[in-house]
There are 2 protein chains.
Amino acid sequence: MSFASSPRTTFANDPAPHPAVYSGQTPLAVDVLPEIRAYRGELTVSLPLRHAGARVVTLRYEGLGGAGLPAVFVAGGISAHRHVGSSAAFTEAGWWEAQVGSGRALDPTRHRIVAFDWLGSDGSLDAVIDPADQADAVAAVLDALDIERVHAFIGCSYGAMVGLQFAARHGGRLDRLVAISGAHRAHPFSSAWRALQRRAVALGALQCDETHGLALARQLAILSYRTPEEFADRFEAAQVVDGRVRVAAEDYLDHCGALYTTRTSPVAFQRLSESIDLQALEPARIDTPTTVVAVEQDRLVPVEDSLALAQGLRGATRVEVLSSRYGHDAFLKEEAAIAAVLTQALQEAATSHTPIAIEAAA
Amino acid sequence: MSFASSPRTTFANDPAPHPAVYSGQTPLAVDVLPEIRAYRGELTVSLPLRHAGARVVTLRYEGLGGAGLPAVFVAGGISAHRHVGSSAAFTEAGWWEAQVGSGRALDPTRHRIVAFDWLGSDGSLDAVIDPADQADAVAAVLDALDIERVHAFIGCSYGAMVGLQFAARHGGRLDRLVAISGAHRAHPFSSAWRALQRRAVALGALQCDETHGLALARQLAILSYRTPEEFADRFEAAQVVDGRVRVAAEDYLDHCGALYTTRTSPVAFQRLSESIDLQALEPARIDTPTTVVAVEQDRLVPVEDSLALAQGLRGATRVEVLSSRYGHDAFLKEEAAIAAVLTQALQEAATSHTPIAIEAAA
């Protein structure tokens, strides 16, 4: 596949000096980080969208690490974006700060880490977006960056779904896929849950202030990301306040809803939520060596779906089933366990890609 | 506790003859049902509501079976009502038709079956309603009907919560409690789920057509009543329809929402939903012999909460854990298993009430 692309990349090579850190009178030892190349850019391409036809779209990416290092593409849930980890150039915390950065599992001194903002995440594309379209958008970004081969595609949640699509459509340029809490299909129950979230947005949109519906949709989504076990630990019984019953989790949910509406457009939420529900891929189309990570308590992507995925894949497959009270959000919360999975996957990608593939084909 | 009451009861003694049933030319054998006394009535009482103070309310009840039979009080979820089973007098299907009726587990030829419309279910009481208030309302109905002692209180979901409150507050007049899919507390996660349902109603109420929000709330509730396993069996993948993604369960959910809004007022839904979240009862307050029924797949009342209830009760306790793909709705769908539970509970109430209570106290 070829894309008409007009890449524009901004390079920022760690312009700020590392500050020394002092506590009281005693200077602390500070690790001197190697200078990490960080850059952001965007490209405008015409993508043949599966349901919406050819569209000219702008894709925004961020890279961390030198061009000579093995490339790792990282993709999270529909709320995630191109800024996975902070750097001297882009100092705000990334969405996967625990895993991405110097000395972490995804280390930009050892890998060239690339991520992008989801197609549709800026709210300008009000059209049906298939997860396969996202995979093609990833390929377009890689083309623009002259990355012919990806050492690993690491996807979580929606990112895992897109990673599977990438492996199915562009597997020839991928060494290893890591699919965490995302499968080859959207579960019908989870789809129903998301459809009702979209209805909340639509209900809110009937009014002047559409953020009200979007906040409710996000709050509903939060319930699907977490578990009853966590809520039982965190929240007490309901109370009567001003003649209404207020349950203990409402302050937390209010916070989640308000935060989300400041950074997400209703159109982007609707279209990316829909996109999850379009995931429907035959695992046998994939022969890329894959690590499938499932979470026992995930209420959105049941373990059974991850196991069915693993059984259907044609390449060498490693399955990790984690146990976490954070359910679907384990990829964000279980930092040590996820780091171990990522480290092992990158090692396997580096050392045993070809032999494993042969073994699986036998 | 005494209530100022003004009972008015309408008796209807099976006025219509039983029709013979023919299929083609061959007359089928028809069981001749004994004449079953069926009656409806209402009473106006002043109830001291726990949060809202004294209120004059109208309670509407229905009875099936002769006054000389052992009384069984039946209570379902917040959508249930006084018409549990059909009779010649009141021919429309009751909400628990599978269990209540001549020849069924709750047989009005052997028991005097009583039920009522939940306090607040007519939408006229826009105030905080505690499950304990419902228990007092049940006691007022029993007073009006001159039922001093209840052979069994059979409660499902919210009805089980109210049954536990009845046992704690009026245990002296109760032989046995059956608590199906309802516990001594509202689970904090389930409460959060309900709080968001109430927000959907509130969001809808900001518009002219408040049924829109109520329909969404009901659809969200349906997801909490059922299971992913059932949805996986029933519903296929999503489709793109007119430029939007429509998931396979949406037709079903549309039907559920539309049906609900024709028979439920938003105020009634809000106040009864709130009431569930106020459930907070110390099981040790209850020494009535009790059958606790939990469903392994119940996502609203986790099995753990039912087991904690059973462990905390002071009276003789039987625990039944069912497995059902219908989750919380098992009490409506698993007809044979529930019938067996009810039959056994009524036998135990009849034969071993005192010995069991003594044994448990030892």
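Residues numbered from 1 in each chain as written. Chains lettered and ligands numbered in written order. Predicted model: local features only at pLDDT ≥ 70, side-chain atom pairs only at ≥ 80, totals over all residues. Heavy atoms only, no water.

**A word on the overall build of chain A**
Right, so step 1: Counting secondary structure elements, chain A contains 11 helices and 13 strands.
Right, so step 2: When the 362 residues of chain A are sorted by exposure, 59% land in the buried category.
Right, so step 3: Long-range contacts, defined here as pairs at least 24 residues apart, represent 74% of the contacts in chain A between residues at least 6 apart. (Helix = DSSP H or I, 4+ residues; strand = E, 2+ residues; numbered from the N terminus. Buried < 20%, exposed > 50% of the residue type's maximum accessible area, 1.4 Å probe, protein only. Contact = heavy atoms within 4.5 Å.)

**Things to note about the pattern of salt bridges**
Right, so step 1: Going through the model one piece at a time under the given rule, you end up with 54 salt bridges over all chains.
Right, so step 2: Linking Glu230(A) and Arg226(A) is a salt bridge whose minimum nitrogen-to-oxygen distance equals 2.7 Å. Across the pair, Arg226(A) and Glu230(A) agree in class, each one buried.
Right, so step 3: Residue Asp254(B) pairs with Arg246(B) through a salt bridge whose shortest N-O separation is 2.8 Å.
Right, so step 4: Taking the relative accessible area as the measure of exposure, Asp254(B) reaches 30% and is therefore partly exposed.
Right, so step 5: Its relative accessible area of 28% is what places Arg246(B) among the partly exposed residues. (Salt bridge = Lys/Arg side-chain N within 4 Å of Asp/Glu carboxyl O.)

**A word on the relation of the copies chain B and chain A**
These two copies of the chain differ by a rotation about an axis and a displacement along the same axis.
Right, so step 1: Here chain B sits on chain A after a turn of 180° about the axis and a move of 0.0 Å along it, with an RMSD of 0.0 Å. Within this description, the copies of the chain are treated as partners about a two-fold rotation axis.
Right, so step 2: With an isologous cut-off of 70% or more, the 100% of interface residues of chain B that recur at the interface of chain A puts this contact in the isologous class. (Least-squares fit on C-alpha atoms with pLDDT ≥ 70 in both.)

**Things to note about the nonpolar core**
A general trend in soluble globular proteins is that nonpolar side chains are found buried together.
Right, so step 1: Ranked by internal contacts, the top residues of the largest apolar core, which has 148 residues, are Leu59(A) and Leu59(B).
Right, so step 2: Ignoring anything within four residues of it in the chain, the contact list for Leu59(B) reads Gly41(B), Glu42(B), Leu43(B), Val45(B), Phe116(B), Leu119(B), Ala137(B), Ala140(B) and Val141(B). (Core = buried A, V, L, I, M, F, W, Y, C linked by side-chain atoms within 4.5 Å.)

**Section: the packing of helix H3 (residues 188-205) of chain B against helix H4 (residues 211-225) of chain B**
All names here are of chain B.
Right, so step 1: Across the interface, H3 lies against H4 with an axial gap of 7 Å and an inter-helix angle of 165°. When the axes of H3 and H4 are compared, the pair comes out roughly antiparallel. Crossing of H3 over H4 shows right-handed handedness. Residues Trp193, Gln197, Ala200, Val201 and Gly204 of H3 form the contact with H4, whose own contacting residues are Gly213, Leu214, Leu216, Ala217, Leu220, Ala221, Leu223 and Ser224.
Right, so step 2: The class makeup of the residues in the contact of H3 with H4 is 9 nonpolar, 4 polar and no charged. (Axes fitted to C-alpha atoms, helices over the stretch in contact; angles between N-to-C directions. Parallel < 35°, antiparallel > 145°, perpendicular 65-115°, else oblique. Left-handed = near helix turned anticlockwise from the far one by under 90°. Nonpolar A, V, L, I, M, F, W, Y, C, P; charged D, E, K, R; others polar.)

**Some remarks on helix H7 (residues 266-277) of chain B**
Right, so step 1: The end-to-end C-alpha distance of H7(B) is 17 Å, a good match for the 16 Å that 12 residues give at a rise of 1.5 Å each.
Right, so step 2: For H7(B), the buried fraction is high: 11 of the 12 residues fall into the buried class.
Right, so step 3: Among all positions in H7(B), only Pro266(B), Ala268(B), Phe269(B), Gln270(B), Arg271(B), Leu272(B), Ser273(B), Glu274(B), Ser275(B), Ile276(B) and Asp277(B) are buried.
Right, so step 4: Here the buried face of H7(B) lies against strand E11 (244-246) of chain A together with helix H1 (131-144), helix H2 (158-170), H3, H4 and helix H6 (250-263) of chain B. (Expected span 1.5 Å × (residues − 1).)

**Overview of the interface of chain B and chain A**
Right, so step 1: Every contact between the two is made by 49 residues of chain B and, on the other side, 49 residues of chain A.
Right, so step 2: Buried area between chain B and chain A, both sides added, is near 4,300 Å², and the carbon and sulfur share of it is 69%.
Right, so step 3: Contact with chain A buries area across many residues of chain B, yet Phe189(B), Arg199(B) and Leu203(B) alone supply 17% of it, more than any other trio.
Right, so step 4: Here chain B is connected to chain A by 6 salt bridges.
Right, so step 5: Note that Arg199(A) and Asp254(B) form a salt bridge whose closest N and O atoms lie 2.7 Å from each other.
Right, so step 6: Secondary-structure elements contributing two or more residues to the side of chain B that touches chain A are H3, H4, helix H5 (228-234), strand E11 (244-246), H6 and H7 of chain B.
Right, so step 7: Residue contributions to the side of chain B that touches chain A peak at 12 residues, all from H3(B).
Right, so step 8: Grouping the constituent residues of the side of chain B that touches chain A by class yields 24 nonpolar, 11 polar and 14 charged. (Buried area = accessible area lost by both parts, 1.4 Å probe.)

**Description of the pairing of strand E6 (residues 71-75) of chain B**
Residue and element names in this part refer to chain B.
Right, so step 1: With 5 of 5 residues buried, E6 lies mostly within the body of the structure.
Right, so step 2: Neither face of E6 is exposed, since Ala71, Phe73 and Ala75 on one face and Val72 and Val74 on the opposite face are all buried.
Right, so step 3: Strand direction decides the pairing type here: E6 and strand E7 (residues 112-116), joined by 3 bridges, are parallel. Within E7, the position partnered with Ala71 by the bridge is Arg112.
Right, so step 4: As defined by bridge partners, E6 adjoins strand E8 (residues 150-156) across 4 bridges and the pair is classed as parallel. When the bridges of E8 are listed, Phe73 appears paired with Phe153. (Pairing = 2+ DSSP bridges.)

**Quick notes on the UniProt feature "active site" (unreviewed entry) in chain A**
Residue and element names in this part refer to chain A.
Right, so step 1: This chain's UniProt record puts "active site" (unreviewed entry) on Ser157, Asp298 and His328. Their sequence span is 172 residues, while the largest C-alpha to C-alpha distance among them is just 10.7 Å; these annotated residues converge on one region.
Right, so step 2: In this fold, Ser157 is placed in the loop between strand E8 (150-156) and helix H2 (158-170).
Right, so step 3: In this structure Ser157 comes out as buried when scored by relative accessible area, which is 14%.
Right, so step 4: Residue contacts for Ser157: discarding those within four places in its chain leaves Gly77, Ile180, Ser181, Gly182, His328 and Phe331. (UniProt positions renumbered as here; feature names shortened; annotations may be inferred.)

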